[in-house]
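This is what each chain is made of:
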Amino acid sequence: MKKKPSARSARRPRSRAASAPVKRIAILTGGGDCPGLNAVIRGVVRAAILEHGWEVYGILDGYDGLLSTDRFRRLYSHDVRGLQMRGGTILGTSNRGNPLHYPLEKKGKIRYADVTGDIVRNLRAMGVDVLVAVGGDGTMKITQALFKKGVRVVGVPKTIDNDLDATDVTFGFNSAVSTATDAVDKLHTTAESHHRILVVEVMGRDSGWIALEAGIAGGADVILIPEIPFALDRICAHIEERKRRGSRFSIVVVAEGAYPAGGEKIYEKPPGAAGVPGRLGGVGKWTADKISLCTRLETRVVVLGHLQRGGMPTTFDRILATRFGVEAVNLIAWKKFGYMVCLRGRSIESVPIARAIKQIKRVSPRGQLVRAAEALGIELGRVH
Ligand code: F6P
């Protein structure tokens, strides 16, 4: 690593830094992990080394790894051999301790501070010319803050929730939907044999993409998503109606962020003070208990949780992640800093990170996918 720069060189103007040649890049993976992260790392490392001869460093544990200058590893082409099929991230990640709002302890008291200035200094001390940040909404917000401070950055979007508005789809989503669909398929046979209601809770904080797609693909009878607050009596009526017609079992797919109309999201651990996010969980059990009361049918709950984030990426996600990684390197070569790669139709493009973080992508309550589900007779619990 380069020697720590003098205070004078650290204050060099942004315009000069923007055009300076690239020799060393760093990559980090931030936020919750998802299948395909390793395929991005492989794409970036291979394209950077083979096409440009740059040095590549992997930062450990997301932005946490940039709060000091010793948590990195040099990545060579052989380090990423076969990585396209491996789930998780070889660099580690973290979705706690946001550097824009970082908890610092002083005399036993916690106060929150913006520590991105430390990250800027550390990147300079490490001689990193460009940072590639792979992450979701939260990671992109931090990345944009660093860009505004003069760091040359490129973003790569990821999340199983598929809730980044600037890209048609994020890698990880397809793998998560496959896992959830597989679970729904399997639960069908046991639900039918025992004449039970099986409630499957899937991930999706603010967006119900996983629930909706896995529910449609797996043939669920009820799908509950955060975008459509649900009425319990509609769900019960639907299940009763199925029973009258001879189907004494039902499959309910519920996103963790779904909630009853007039009610609130259900947390396993409520949000903390000073913007610390809570941990969602429990809506599956809540719904199952209520359904059991109103229908008098036996219910069981399956919470898929982190199973959806684990395992090998699907072929679709491997290809998308690889293309994102290679395009991130192209953006660096074109000096298109402050941009995030994205998918538009079948083409890989890019968008300013500032625009990408403006809003999240949610299911349209009257959109095509929802209408297709309703056309199949799936109940979404909508209050009319
Ligand atoms: O953002 C992706 C996500 O999978 C959410 O759907 C979920 O609420 C969250 O991550 C859980 O993250 P963790 O348990 O790792 O904090």
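Computed from a predicted structure; not experimentally measured.

Q: How do you make sense of the environment of Phe-173 when you look at a structure like this?
A: Along the chain, Phe-173 falls in helix H6 (residues 173–194). With a relative accessible area of 5%, Phe-173 lands in the buried category. Along the backbone, Phe-173 and Lys-158 are 15 residues apart, and their C-alpha atoms lie at a distance of 8.4 Å. Setting aside residues up to four positions removed in sequence, Phe-173 forms contacts with Thr-159, Ile-160, Asp-161, Asn-162, Trp-209, Ile-210, Glu-213 and Asp-317.

Q: Quick question: what am I supposed to make of the site of the ligand here?
A: For the ligand, the full set of nearby residues is Asn-95, Arg-96, Ile-160, Asp-161, Met-203, Gly-204, Arg-205, Glu-256, His-306 and Arg-309. Note that an oxygen atom of the ligand is positioned 3.1 Å from one of the side-chain N or O atoms of Asn-95. Within the contact set of the ligand, an oxygen atom lies 3.3 Å away from a backbone nitrogen or oxygen of Gly-204. In isolation the ligand exposes 400 Å². Once the protein is present, 81% of that is buried. Taken together, domain 1 (7–171 + 313–345) and domain 2 (177–309 + 364–375) each give at least three residues to the shell around the ligand, which thus spans both.

Q: Just to check I follow, could you spell out the sheet that holds strand E10 (residues 250–255) for this structure?
A: In a beta sheet, neighbouring strands are held together by backbone hydrogen bonds and run either parallel or antiparallel to one another. Taken in spatial order, the 4 strands of this open sheet run E9-E10-E8-E13, and their pairing is parallel. Looking at the sheet topology across the chains shown, the edges are occupied by strand E9 (222–224) and strand E13 (299–303). Across the sheet, the mean angle from the axis of one strand to that of its neighbour is 15 degrees, orientation sign disregarded. Across 5 bridges, the pairing between strand E8 (residues 197–202) and E13 is parallel. Opposite Glu-201, over in E13, you have Val-303 as the bridge partner. Of the strands in this sheet, E8, E10 and E13 touch H6, which is tilted by about 150 degrees from E10.

Q: Any chance you could explain the domain arrangement of the protein here in plain terms?
A: In many reports, interface size means the accessible area that the parts give up when they come together. What the domain assignment reports for the protein is domain 1 (7–171 + 313–345) and domain 2 (177–309 + 364–375). For domain 1 versus domain 2, the distance between C-alpha centres works out to 34 Å. Domain 1 puts 11 residues into the contact, and the matching count from domain 2 is 12 residues. Taken together, both faces of the contact between domain 1 and domain 2 bury some 1000 Å²; the carbon and sulfur share is 52%. Our count for the domain 1 to domain 2 interface comes out at 1 salt bridge.

Q: Please explain the sheet that holds strand E3 (residues 72–75) as it appears in this structure.
A: Ordered by their spatial adjacency, 7 strands build an open sheet running E3-E2-E1-E6-E7-E14-E15, and the pairing between neighbours is mixed. Strands at the two margins of the open sheet, each flanked by one partner only, are E3 and strand E15 (347–352). Neighbouring strand axes in the sheet, compared pairwise and without regard to direction, differ in orientation by 30 degrees on average. One ladder, built from 2 bridges, connects strand E7 (residues 153–157) with strand E14 (residues 339–344); its direction is parallel. Residue Gly-155 lies in a different strand from E14, and its bridge partner there is Met-340. Packed on one face of the sheet, helix H3 (residues 37–52) meets strand E1 (24–29), strand E2 (55–59), E3, strand E6 (130–135) and E7 and runs near 175 degrees to E1.

Thresholds applied
- Going along each chain's sequence as written, the residues are numbered from 1 onward.
- Local features in a predicted model are, by the rule used here, given only for residues with pLDDT of at least 70; side-chain atom pairs are given and counted only at 80 or more, and totals for whole chains, interfaces and linings are based on all residues.
- Excluded from the side-chain calculations are hydrogens and water; all other atoms, namely the structure's heavy atoms, are used.
- Only runs of H or I of at least four residues qualify as helices and only runs of E of at least two qualify as strands under DSSP, and these elements are numbered from the N terminus.
- Relative accessibility decides the category of a residue: with a 1.4 Å probe and only protein chains considered, values under 20% of the type maximum give buried, values over 50% give exposed, and everything between is partly exposed.
- Whether two residues are in contact is decided by their heavy atoms, any of which lying within 4.5 Å being enough.
- Residues are labelled near a given molecule or strand when at least one of their non-hydrogen atoms is within 4 Å of it.
- Here a polar contact is recorded for every N or O atom pair within 3.5 Å, except that within protein the pair must consist of a potential hydrogen donor and a potential acceptor, and residues adjacent in sequence are included only if both atoms are side-chain atoms.
- For accessible areas, the Shrake-Rupley method is used with a probe of radius 1.4 Å. Any residue's cover is judged against the shown protein chains and nothing else.
- Either an automatic procedure or a domain database provided the assignment from which the domain bounds are taken.
- Pairs of strands are assigned from DSSP output, requiring at least two bridges between the strands.
- For helices, the axis comes from a line fit to the C-alpha atoms of the stretch in contact; other axes are also lines fit to C-alpha atoms, and the angle between any two N-to-C directions lies between 0 and 180 degrees.
- Put simply, buried area is the surface a 1.4 Å probe can reach on two separate parts but cannot reach once they are joined, added for both.
- Basic side-chain nitrogens of Lys or Arg form a salt bridge, by our definition, when they fall within 4 Å of a carboxyl oxygen of Asp or Glu.

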